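Per-entry structural report
One-letter residues, chain by chain:
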Amino acid sequence: MLAKAMRIAAATLAVLSVAAMAFAAGPAKGKVTKVDGEQVTVTLEGAPPAFVKKGASVSAAGGSPKVVAVQGNEVTLKFGKAKAEKMKVDSPVSITECEGDELQGC
């Protein structure tokens, strides 16, 4: 009986810790440092979260760019041409995890 109660308690703690980690990963905030065609480099205020990795799709600046490179706290994103042209150096950017079901541009 005690063993079953311990297994239930352990399972509950595991579920709660995973849920806490999912909500703890907030947006990565930074500033645009370079715009080169469709590629925009953002310097983050801190270390990039786990979801910011090469090849991943993220949400940033009202679009869904793909992460081209991550070097330290610098992240290079590939936007569409029209969106990249609107980006300005020193403008603030918030990068969040892409939900995967967002509508993509044509």
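These remarks concern the structure in this document.

1. Points about the pairing of strand β2 (residues 39–44)
Here six bridges tie strand β1 (residues 28–36) to β2, and the two strands are oriented antiparallel to one another. Looking across to β2, one finds that K31 is bridged to T43. The antiparallel pairing of β1 with β2 creates a hairpin that spans two residues between the two strands, and G37 there sits at a positive phi of about 65°. In this structure, β2 lies alongside strand β5 (residues 74–78), joined through five bridges in antiparallel fashion. Pairing of T43 across the sheet is with E74, part of β5.

2. Quick notes on the sheet that holds strand β4 (residues 66–71)
Strand order across the open sheet formed by six strands is β3-β6-β1-β2-β5-β4, with antiparallel pairing between neighbours. At either margin of the open sheet sits one strand with a lone partner, and together these are β3 (58–60) and β4. Adjacent strand axes in the sheet meet at a mean angle of 35°, parallel and antiparallel pairs treated alike. By the bridge criterion, five bridges tie β4 to β5 in an arrangement that is antiparallel. Pairing of A69 across the sheet is with T76, part of β5.

3. Remarks on the environment of V70
Residue placement: V70 occurs in strand β4. For the pair V70 and V52, spaced 18 residues apart in the sequence, the C-alpha separation amounts to 7.7 Å. Sequence-distant contacts of V70, defined by excluding residues within four places in its chain, comprise P48, V52, K53 and K54.

4. Focus: the environment of A47
One can find A47 in the loop between β2 and β3. Placed 26 residues apart in sequence, A47 and N73 show a C-alpha to C-alpha distance of 5.3 Å.

5. With respect to unusual backbone geometry
Phi is positive for A61, which is not a glycine, with a value near 55°. Here A61 lies in the loop between β3 and β4. Of note in this structure, D90 is not a glycine but carries a positive phi near 75°.

Basis of the calculations
- Residues numbered from 1 in each chain as written.
- Predicted model: local features only at pLDDT ≥ 70, side-chain atom pairs only at ≥ 80, totals over all residues.
- Heavy atoms only, no water.
- Pairing = 2+ DSSP bridges.
- Helix = DSSP H or I, 4+ residues; strand = E, 2+ residues; numbered from the N terminus.
- Axes fitted to C-alpha atoms, helices over the stretch in contact; angles between N-to-C directions.
- Contact = heavy atoms within 4.5 Å.

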